[in-house]
Amino acid sequence: MSKKIKTPRAKMPEQDPDARRRNFEEVPLGLTEEMAMIEASRCLQCKKPLCVDGCPVSVKIPEFIKLISEKDFSGAAKKLWETNALPAVCGRVCPQEDQCEGKCIVGKKGEPVAIGYLEKFAADWERENGSGEVPKVAKKTGKKIGVVGSGPSAITVAGDLLLKGHDVTIFEAFHKPGGVLVYGIPEFRLPKAIVASEIAGLEKMGANIECNTVVGASVSVDELFEEGYDAVYIGVGAGLPRFMNLEGENFIGIYSANEYLTRTNLMKGYLFPEYDTPIARGKNVVVLGAGNVAMDSARTAMRLGADSVKVVYRRSRDEMPARNEELHHAEEEKIEFVLLTNPTKFYGDENGRLTGMECLKMELGEPDDSGRRRPVPIEGSEFDFDCDLVVVSVGSNANPLLTSSTPGLELNRWGNIAADPATGKTSRKGVWAGGDIVTGAATVILAMGAGRDAATSMHDYLTLGW
Amino acid sequence: MEFGSVDEIISFATEREKEAVAFYTDLAKQATMASLKEAFEKFALEEEKHVELLADMGSNKEKIDSYEFKTIPDLKISDYMVEIDYKEGMPMPQILKLAMKREERAVNLYTIMADKTDNADVKKVFNILIQEESKHKFILESLYDDYLAEQEG
């Protein structure tokens, strides 16, 4: 055991920060076969693996790692697919440090096994070298399922229900499926070819995908039932941009992160003029917020040619919600963090174009009853920034388009769909929901976990009743 | 706006607080979502407490003397926001902004009135009202702050 722990954790080879901050190619280069096998050998193969408890979709972690250590890379990928429809995605974007790796016993005395790196390795190996075969689906049940949205939770539901023999149609509002995986997460963090490959796998399993279909506008949930669907899953994410309602927020040059990233990623604005999508290329860029979406926006702005990118956040470093890895990558790419600072208004010129902003320094106040120290403005600490592009990344709301057109669908006070946390059942018979439309903005893997639970419940409904 | 006595202030403030109760009660009636209805009813109840507090002061001036002043933190979240109008179906974060702004306006109004008077009793009543409205502003801004902290990912 001690020898296993003494083997140092694999270090992921990455593009040099100075080079990558100006290109959209993926940052981590991936482990070699030899590196993956050495890393896999660090796993203790615990009898009661805590890492699996830490995974929202209960990936069979010790089993797939053992297969890697035995050089059965294809077997490892297939083991992943038994519980995870998107291993290549999860290996890249899951917060493993808070989930599987956070529970790893090896991590108690040293650094945890690099489960995420190994997951990425196995899934990539299979995509590049495997036969392309997909899991076998059960005998057709004749039941029709409508899945609204095609992000992580929707894909998981679709995959699980296809396996059980149900007919699945996915309705996607955009012209390409993948949801936040294609419109939100940038190419340098999640290459779109990988998402396309995962979606192609679903289609091979029999999924019918209807793009450019806005459920709630083009067709309603009620109409889907009239058309013969037996059950509907709503996994449309939380895509309504949120702004701060500050003076001057309508100046040209202020984007929501949602629009900025959608233009760049889904609509390939970074490849302009090859793709005919205009995207503002600011020289002095400010990103408001400090989550993963804010880091994606800041790093995108740098790659689009900014001289300076500042992340302005009203709390301290400890409270920044982005993954440590994302913060580290951003800093390596010369993104500046301006902490305990809050914007108060924006300045513009006579043409309505953004020219700068006013901010206020904050300090953390005394802990309140909940123990939280809230940021409080420091009197008279106003100061100005020059900037020509601002990306507002302070979260997003649930889009009311679908929910308001679906009678009887109960919402919570924030406008998210109220769904049973264990099953995803909503207040409407035959309708389930999961992912960000239920929880508000969360992680890919949590959305997938919700999809897994809902698929189980939907299958029970289709075979046993409500 | 001039006030000659404590009673006049209490009467003015009571009308203002009753208007706030009516505002939130009306929104609660209009709300089609159960959760929003509940939130508006809660806000109305909070304003109702102010009406009761003022009634208590009107009938018992000792209450004014024994009122305990505390420092209420001011997160100043609403202070830099522009005004927004209520629209049916508005999401909760927008409604919080609306409510925070109302409380901010109330704090500002009572602060201006407190500054305008030299009458110590009258000033004290205004300061009580400032504290009460500041508490509401802090509760609402804390709710919004928590929401932002949860949703910034």
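Rules of the game
- Residues numbered from 1 in each chain as written.
- Chains lettered and ligands numbered in written order.
- Predicted model: local features only at pLDDT ≥ 70, side-chain atom pairs only at ≥ 80, totals over all residues.
- Heavy atoms only, no water.
- Helix = DSSP H or I, 4+ residues; strand = E, 2+ residues; numbered from the N terminus.
- Buried < 20%, exposed > 50% of the residue type's maximum accessible area, 1.4 Å probe, protein only.
- Domains from an automatic or database assignment.
- Contact = heavy atoms within 4.5 Å.
- Buried area = accessible area lost by both parts, 1.4 Å probe.
- Salt bridge = Lys/Arg side-chain N within 4 Å of Asp/Glu carboxyl O.
- Polar contact = N/O pair within 3.5 Å; in protein donor to acceptor, adjacent residues only side chain to side chain.
- Nonpolar A, V, L, I, M, F, W, Y, C, P; charged D, E, K, R; others polar.

## Some thoughts on the environment of Tyr313 of chain A
All names here are of chain A. When you line up the elements, Tyr313 lands in the loop between β8 (308-312) and α17 (324-332). Classification of Tyr313 as buried rests on a relative accessible area of 2%. Placed 25 residues apart in sequence, Tyr313 and Val338 show a C-alpha to C-alpha distance of 6.4 Å.

## Notes on unusual backbone geometry
All names here are of chain A. Following Phe272, the chain continues into Pro273 via a peptide bond in cis, with omega recorded as 10°. Along the chain, Pro273 turns up in the loop between α15 (257-264) and β7 (284-288). Not every positive phi belongs to a glycine, and Gln45 is a case in point at roughly 50°. With respect to the secondary-structure elements, Gln45 resides in the loop between α3 (33-40) and α4 (50-53). Non-glycine residue Leu340 carries a positive phi angle of around 45°. Inspection of the secondary structure puts Leu340 in the loop between β9 (336-338) and β10 (341-348). Taking relative accessible area as the criterion, Leu340 reaches 22% and is therefore assigned partly exposed.

## Comments concerning the domain arrangement of chain A
For interface size, the figure often reported is the accessible area lost on association. All names here are of chain A. For chain A, the assigned domains are domain 1 (2-129), domain 2 (144-239 + 398-464) and domain 3 (242-395). The straight-line distance from the C-alpha centre of domain 1 to that of domain 2 is 27 Å. In this assembly, 23 residues from domain 1 lie in contact with 19 residues from domain 2. Both sides of the domain 1 and domain 2 interface together cover about 1800 Å² of buried area, and 74% of this is carbon and sulfur. Put simply, domain 1 and domain 2 have 0 salt bridges between them. Scanning the region where domain 1 abuts domain 2 turns up 4 residue pairs in polar contact (both at pLDDT 80 or more). Looking at the side of domain 1 that touches domain 2, the elements with two or more residues in it are α7 (87-93) and α10 (115-129). If you tally residues by element for the side of domain 1 that touches domain 2, the top one is α7, at 6 residues. Of the residues assigned to the side of domain 1 that touches domain 2, the class counts are 15 nonpolar, 3 polar and 5 charged.

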